[in-house]
Each structure stands twice: as structure tokens, then as C-alpha cells.
Amino acid sequence: MPTVTEILETMDYGPAPEATGEVEAWLNARGSFGHYIDGAFTKPGKTFATGNPATGDALAKVSQGSAADIAAAVRAARAAQPGWAKLPGHERAKWLYALARHVQKRERFLAVLETLDNGKPIRESRDIDLPLVARHFYHHAGWAEMLAEEFPDAKPLGVCGQIIPWNFPLLMLAWKVAPALAAGNTVVLKPAEQTPLTALAFAEICAEVGLPKGVVNIVTGDGGTGAALVGAEVDKIAFTGSTEIGRAIRKATAGTGKKLTLELGGKSPFVVFADADLDGAVEGVVDAIWFNQGQVCCAGSRILVQESVAASFHKRLAARLARLRTGDPLDKSTDVGAIVDATQLARIRDLVSQGEAEGATLHQAEGQLPAGGCFFAPGFLTNVAPANVVAQVEIFGPVATLTTFRTPDEAVELANNTRYGLAASIWSENINLALDVASKVKAGVVWVNSTNIFDAGAGFGGYRESGFGREGGREGMREYLSTPAPRAKPEAEAGRLDAAPVPGAPSKGAAPIDRTAKMYIGGAQKRPDSGYSYAVMAKGHEIGLAGLGNRKDIRNAVEAAHKASGWGKATGHNRAQVLYFLAENLSAREAEFTRRLKSAGAPKPADEVATAIRRAFYYAAQADKFDGAVHATKSAHVTLAMPEPFGVMGVACPNDAPLLGFLSLVLPAIAMGNRVVAIPAASMPLAATDLYQVFDTSDLPGGVVNIVTGAKDELAKTLAAHDDVAAMWYCGEPEGRAMVEAESAGNLKATWTFPNRDWHGADGQGREFLLRATQVKNIWIPYGE
């Protein structure tokens, strides 16, 4: 045994194992687990083993869920939901509070079980995961209490299907179950097949507190079980996992009417500027990529360091890496535990090897890894080209890339050079620089001089192919609520859209001046790429021609919209001034627009134009008043929830109310700073193309609004599938809505599809339009000592 003097000289850790007796006794007593359905465990059916990734030892057998098991769970949830929703908010709050208290009372048990099943260090399970689990139930008990006051018109969705990953098994359960129950929904949850045990322990806690049967149902199984849940008669799917599976779920739910939130993969930048506290930033890397063995969707896996301090940072990082302890997850001195299973370990090894083959250099912690388990030594890669596989693909392991940059603009360009957009971490002692970069990085969560901080009071979710929707905070509660749906109104017929002349339909009146509307792209009138036009008809007479747009016109319009990016950077006041000017100019031509709508056969032309003018004033007023919030989260931090524009949006307008329907969708989108590619009513596109001069005389920058006329569904399909379009709205029939949602899976853009409505009334405007036109970025800033 070393002496005290020797220990002080080496500062080596002694063994500090966590006892597992209570958990092992629980596992031995149960042996095999059934599903938790309708308040009780079913008899185990076909089972599979779940094991300890640190040793390879089997822990328990759990049941493989079938489509019949999912159907039974959904029936139980459906039967329980009306009664659960009818409970006063205070009563639901008491149940959530009870769950929080019982989780706290079982914290040590649950932490040990999580570490055994997942392989993460006990310090992380005990000190990070479990306190956050309790925090989510406490926080959402508060939302249940306040629901009627804070969301006065909202109703629960019904039955929610929830699919969680293996990296934070119990924490992801809490993120999803707590808000769903607070809102009055019931749930069917499928845990990951690799890590089902804490979910099953939570089921026992539900029974222990006496939670009404059917409110929480848990069905274990593999991907087939998850697919059955996606296809079941549920009202919402909430999924956390890989982007590939998220894309498949988007396609599977298209046209079903199921609400969907996706929290997917990431390749998050960790940006270190020359003026940063380098030692603090090195500790940040430890938390960013070596925390939970790098199996974190928002892991800071791309370290970007300013060139002037890169050598010093590299030296400090290598020294810190050498001190990390990889080993037994149950040892309280372990820094890096086991990878979740052999399949994930093989994937990490393959990607790192491929990265090295493409020119990267691996710097890895030395020392012997434990035998018999799934371990991978933490490290980082240098000499990584931007196209290297390890710079682009999510490794989901304890390995980061380290590259350099020279200027802040280059840092932003590198940070955004990814298809993902989940999180970012920015390190600088210059608050102006840090917040400037935070505003430019395309990510749903940005940490300043910190990383991987989470709280139930702040929303979490991504941009781009990291998914859509938020979990946590007010924005997370909204994902589990529905607002009263406007009454659907039948769509007007689009009429005949082909390039052939229309015999027997002459223009009414004596020899009018020919009227052919062009596209409006980049602030200029453009002829359709196809060279074809179609006759616009009213009351059996041709009243003009409109271009038949195609995919090349959409391509040109999207390019023009991207060039108008300055619109999103303008202040809300500046955008408001342009919209007020637009309303003023439309008002000056009110009689002209009324006359043209009347000649086109609009049923209420004067009212439509007057309402369009009022709508322009309404969204001008909203442009500088729709703002974010400051969330109450962790001590020494302030968390800003900032609504940001998506960027380029596609908008497919209704055939009904051709002027008012067009402006009712375009105006809220541009008021929030988006640029729009709009498809006007095919039956009467001239109402929209007549706006060209209004736009031009209202100081609206070219490219902010682009108009492509033609067949709505054909053009909408191109927009929905376009990778440079960030969001898509579609008003129309069910077939078109399903098509847009399915096509959007390519880049996982946010979509809003809905039937036609009464555009003249209150349903034609409101806060819902503004919420749908923005995505929330949560920025964590140090606040206080």
C-alpha cells in the first residue's frame, strides 16, 4: 500500500466502487419483464437479453413488443385519456409532483441501474441525469397547475407515442412523459432495446404512486416495435434518435395528421477564440465530447480553434486527455465509461479508421482498457479536411475533430458547414464577439463559455436535419397541446391549366389590351422557363394569361431568396416600416384591386381587398412586437429564447380568396424575417401578380417575395423537396398535404399543412402564423459570478 507522501506526489485515484447489491437483488427477483400496459405488467412473452456493456454480463430479459402489444397499449391509453384530461390541472400537478418525489427517493437505485444498463459513469448518472429527471417532473407539475391560465384555449392532443434513445434512457423518458402528462395526454413509450431497464423501473414507480391505469404505458422491443408505434392510432409521435430514422418517421406519418417532433443527430461546433480562457475551454471539451463517452446528440464534436492559439490549446488539450480515466463505470473516479454495445463500438472504430485513412491524425489517451467490455479510449483528430468523413458524419463516440480558423467570419462558415443544426458552444471573453457569433450560428441551442447545460425550463431542439420542435420550457409544452382548428372550407377549383389556346372563351368586351402576367423573381418580372402560359378564366371568359412555372423557376426563385438574406438581419422596426408602406400603397390602389377581383368573379371583392389592407397593417404591427423570453434555468446563467426566421420558406396558397389568401400567408412569413417563394392561387394568380408594383414601390428588397405561377401541387412538390428551402406551408386538399410532408423528409424541413379556411375572419390571422414562421434558439449566457 502506498504511503500518504507517495499518494500526494502521484495524486493517483484509489478505487471507489459503487455498491450494486440492491439493484442486483431487484433484477434477480424479476428475472424477466413484460410490458407495462393499463397499469400492470403483462406476462413476459418472447424475450431478449439486455446486458452490462462494461462487462458483457446479462442483466435481465425483456419482452419483444409486437404490433398487438402496441395496439393494446394504445387502447389502454385511449381509454384513460378523457378522464386524465378532465382532471383539474391541480390534480394532474399532484400526480407529477408525486412522480418527482418518488424519483428523488429512488435516485441512488435508478442511478446504479442506469449505469449498469447503459455504461455511463456513475457520477454522471447520479449527479446529472437523475437530478434532471426529477427537475422535469417538478417543472411540469408547475405547467399542469398553470395550464388553463398560460394556454387558455389549448387542449391535449390525446394519445402520444414516444420513442427514446439509449444514451440518456431515463432522462429522455422524463423529457417526453412529463410535458405530455401535464398537458392532459396519455402516453405509450418505447425505450431503446439496449437500455430498457430504467423505463421499467419507472413503470413500477408509476404503480407505486397509484397513477391511474392507462396514463403511462411502456412497451419494450426493437425497431420493429417502434415502427408499430409510429403506425398506430396515436395523435402524436415524439422521437429522439438518428436522423435516418427520423426521416423514415417523417415519411411514415405524412398525411396522417399526427403531430410530430423530431430531435435528431448533430455535429456541433465548439468554437474557441484567441481571447478565450483556454484552460476553461479545455475543461469545456471534456464536458462537450468525452461526457457520456461522446454519445450525446449535441456533443461538441467539431473543435474550431483560432489559429493564433491553436498550438497552445492543442498542448493543453493533450495534457488534459492524458489524465482522463477510462474504466469501470461504477467507479466514482471514472471519467469515461463503456460504449453502449458492440455494434456502436464497431461503428466508432470504423469511422475513426476511415477518417485516418482520409488523412486525419488520431491523438488518443494511452493506457490499457478494461477487458471484456465495450470501451474506446477518448481522443481527438487533427489534420482533418472539411470533406473528411469524420468532419461530416456523427461519430457518436468520444472522438472530436480539431481544426483551425483565422477570422470570426471563417469560424461561422466552418461552424455552419454541416447538414445538422442542434447545438454550438462559443468561447470568448469578448461578450460582443460571442453574441455576434451566437446569432449567426445555425443551431437551436448555443452555449457561451459553457457546454452541455440542460434544464427543464429551457427549450431544446435543432435546426436543419437535427429535427424540429422543442422539448422543455414553454415552447416544449406547446408541442403537446392543440389549439381549436379553424373550420375547413372547400377549396375553389383551380380550373384548366394547360398551354393550349382555349377556343370559345374570348375575352369579354371589345378588343382589350392583352394581359400576360410574368413570374416575379428577385424583384424583377421573369418569363417562365418553360415558355408556356395558361389562360386564366372567369365566368367562362379569358381574363389574362399566366406563366406555367416549372422546377427551374423554383430553383431561380430559391436562389433569389437566398441572396436577400439581409432581410432577416433587418430590425423588426425596419421590416414593420416596409409593411406599413406596403399597406399604404395597397390602400391607394384599393379601387383598382377591387375592380379586378370583381372581374375575376371573386364573391366579396371589396371586402377581400379591405381585409387584405388591414392584414398588412396587422403584420406590420407584429413585426417588432413578436419577441422571445428569458428563461429561469440554472444559477449563474441567463437563457434567452430568441425566435428566429427559418430563412427561405415555400408557401403554397389557397385557390380561395386569391389576394387575401396570398397575403395572409406571405405577410406573417416576411414580417418575421423570412424570404418567401410563393405559389399563388392557380385559379386566379393575377391577384398576386398585380402586387408586383405594390412591392416595388414599398421598398421591399428584391428576393424577399418571389412568385411562381402554375400548377400548385407540381410546384409545391419541388419546393418541399428542395434542400435549400428551410420550411414549407401548404394550404389545400389532403392529397397535397400528404405529398408535401412526405417530400419534406429530404432535409427534414418544418412543414405546416392545413385545409382551406375563411380568410376573411379571425381564422385568417393571428399568433399561430407567427409561431409557425419562426424557430426558437436558446442562448445560454453566463450571468453573475
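Please refer to the structure higher up on the page.
Definitions and limits used
- Throughout, residues of each chain are indexed from 1 in the direction in which the sequence is written.
- Confidence filtering applies because this is a predicted model: local features only for residues at pLDDT of at least 70, side-chain atom pairs given and counted only at 80 or more, and all residues used for totals across whole chains, interfaces and linings.
- With hydrogens and water excluded, all non-hydrogen atoms of the structure serve as input to the side-chain values.
- Secondary structure follows DSSP: runs of H or I at least 4 residues long count as helices, runs of E at least 2 residues long count as strands, and numbering of each begins at the N terminus.
- Note that the radius of gyration is over C-alpha atoms, with the globule rule given as 2.2 Å times the number of residues to the power 0.38.
- Any residue under 20% of the maximum accessible area for its type is buried, any over 50% is exposed, and the rest in between are partly exposed; the area is computed with a 1.4 Å probe on protein chains only.
- Residue contacts are counted whenever heavy atoms from the two residues lie within 4.5 Å of one another.
- For the accessible areas, the method is Shrake-Rupley and the probe is 1.4 Å, while residue cover comes only from the protein chains on display.
- In these notes, a set of buried Ala, Val, Leu, Ile, Met, Phe, Trp, Tyr and Cys residues joined through side-chain atoms within 4.5 Å is what counts as a nonpolar core.
- Only strands that DSSP links by at least two bridges are regarded as paired with each other.
- Cavities and pockets were defined on a 1 Å grid built over protein atoms only: a cavity is a set of grid points that admits a 1.4 Å probe from which the probe cannot escape, a pocket is an open set flanked by protein on both sides within 12 Å along at least five of seven lines, and lining residues are those with an atom within 4 Å of any such point.
- Grid points are joined across faces, edges and corners, and a volume is the space filled by probe spheres set on the points.
- Three classes are used: nonpolar for Ala, Val, Leu, Ile, Met, Phe, Trp, Tyr, Cys and Pro, charged for Asp, Glu, Lys and Arg, and polar for all others, with Gly counted as polar.
- Look down the strands so they point away from you; if going from the first strand over the helix to the second traces a clockwise path, that crossover is right-handed.
- Aromatic rings from Phe, Tyr and Trp, with only the six-membered ring used for Trp, were paired whenever their centres fell within 6.5 Å, and each pair was classed as stacked if the ring planes differed by under 30 degrees, edge-to-face if by over 60, and tilted otherwise.
- Salt bridge criterion: a side-chain nitrogen from Lys or Arg within 4 Å of a carboxyl oxygen from Asp or Glu.

J.: Which residues make up the overall build of the protein chain, and what are the values?
T.: On a plain count of helices and strands, the protein chain comes out with 28 helices and 33 strands. Relative to the compact-globule value of 28 Å for 785 residues, the protein chain shows a C-alpha radius of gyration of 28 Å, a close match. Principal-axis analysis of the C-alpha atoms gives the protein chain an extent of 110 × 65 × 45 Å. Split into buried and exposed, the 785 residues of the protein chain put 58% on the buried side. Taking the contacts inside the protein chain whose residues are at least 6 apart along the sequence as the reference set, 77% of them involve residues at least 24 apart. Approximately 30100 Å² of the protein chain is accessible, and the part contributed by carbon and sulfur atoms is 53%.

J.: Pulling in residues and values, what's your account of the nonpolar core?
T.: Among the nonpolar cores identified, the biggest contains 112 residues, and Phe-137, Leu-173, Phe-202, Val-216, Trp-290 and Phe-313 are the most heavily contacted of them. The leading source of residues in this core is helix H7 (residues 169–182), at 11 residues. Ranked by size, the runner-up nonpolar core spans 89 residues in total, among them Ala-76, Ile-613, Phe-662 and Phe-695.

J.: An account of the pairing of strand E16 (residues 399–405) is requested, with residue identities and associated values reported.
T.: In terms of burial, E16 is a largely internal element, six of the seven residues being buried. As paired strands, strand E13 (residues 302–306) and E16 are joined by five bridges and run parallel to one another. Looking across to E16, one finds that Ile-303 is bridged to Leu-402. Bridge count between strand E15 (residues 379–382) and E16: three bridges; the pairing is parallel. Across the sheet, Leu-381 pairs through a bridge with Thr-401, a residue of E16.

J.: I'd like to hear about the layout of surface pockets, residue by residue, with values.
T.: In this structure, the second largest pocket spans a volume of roughly 980 Å³. Forming the boundary of the second largest pocket are 46 residues, of which Trp-166, Phe-239, Gly-241, Ser-242 and Ile-245 lie nearest the centre. Secondary structure elements with two or more residues in the lining of the second largest pocket: H7, helix H9 (223–230), strand E10 (236–240), helix H10 (243–253) and helix H13 (342–357). For the lining of the second largest pocket, the element with the most residues is H10, which contributes six residues. Within the lining of the second largest pocket, the residues separate by chemical class into 25 nonpolar, 12 polar and nine charged.

J.: Lay out empty space enclosed by the protein with the relevant residues and their values.
T.: By rolling a water-sized probe across the atoms, one finds the places where empty space is left. Summed over all chains, the structure comprises four cavities of 30 Å³ or more. Computed from the structure, the largest cavity encloses a volume of approximately 70 Å³. Lining the largest cavity, in full, are His-136, Trp-175, Val-445, Trp-447, Ile-453, Phe-454, Asp-455, Ala-458, Gly-459, Phe-460, Glu-471 and Trp-780.

J.: So, the pairing of strand E12 (residues 269–272): which residues are in play, and what are the values?
T.: Where burial is concerned, the two faces of E12 agree: the one with Pro-269 and Val-271 and the one with Phe-270 and Val-272 are both buried. Chirality of the crossover, the property in question, places the unit of E12, helix H11 (residues 278–290) and E13 among those that are right-handed. Across three bridges, the pairing between E12 and strand E17 (residues 423–427) is parallel. Bridge pairing links Val-271 to Ile-426 in E17.

J.: Go over unusual backbone geometry, please, and point to the residues and values.
T.: Non-glycine residue Phe-396 carries a positive phi angle of around 60°. Along the chain, the position of Phe-396 falls in the loop between helix H14 (389–392) and E16. Phe-396 gets classed as buried once you look at its relative accessible area, which sits at 15%. Backbone geometry places Asn-452, a non-glycine residue, at a positive phi of 50°. Within the fold, Asn-452 resides in the loop between strand E18 (445–448) and strand E19 (467–468). Look at Asn-452 and you get buried, because its relative accessible area is 11%.

J.: Mind laying out the environment of Glu-592, listing which residues take part and the relevant values?
T.: Among the secondary structure elements, Glu-592 is positioned in helix H21 (residues 590–599). Sequence separation between Glu-592 and Asp-127 is 465 residues; the distance between their C-alpha atoms is 68 Å.

J.: I'd like a rundown of the packing of aromatic side chains, residues and numbers included.
T.: Across all of its chains, the model carries 22 aromatic pairs by this definition. Geometrically, the ring pair formed by Tyr-618 and Tyr-619 is edge-to-face, given 4.9 Å between the ring centres and 80° between the ring planes. Residue classification places Tyr-618 among the partly exposed residues on the basis of a relative accessible area of 24%. A connected cluster of aromatic rings, assembled from ring pairs, spans Trp-729, Trp-752, Phe-754, Trp-759 and Phe-769.

J.: Outline the pattern of salt bridges, listing residues and values.
T.: Summed over all chains, the structure comprises 28 salt bridges. A salt bridge links Asp-690 to Arg-596, with the nearest nitrogen and oxygen atoms 3.0 Å apart. Residue Asp-690 is located in the loop between helix H24 (686–689) and helix H25 (692–696), and its partner Arg-596 is located in helix H21; the two are separated by 94 residues in the primary sequence. Residue classification places Asp-690 among the buried positions, given a relative accessible area of 10%. Given the relative accessible area of 28%, Arg-596 is considered partly exposed. Taken together, the shared-partner salt bridges connect Glu-244, Arg-247, Arg-419 and Glu-465 into one network.

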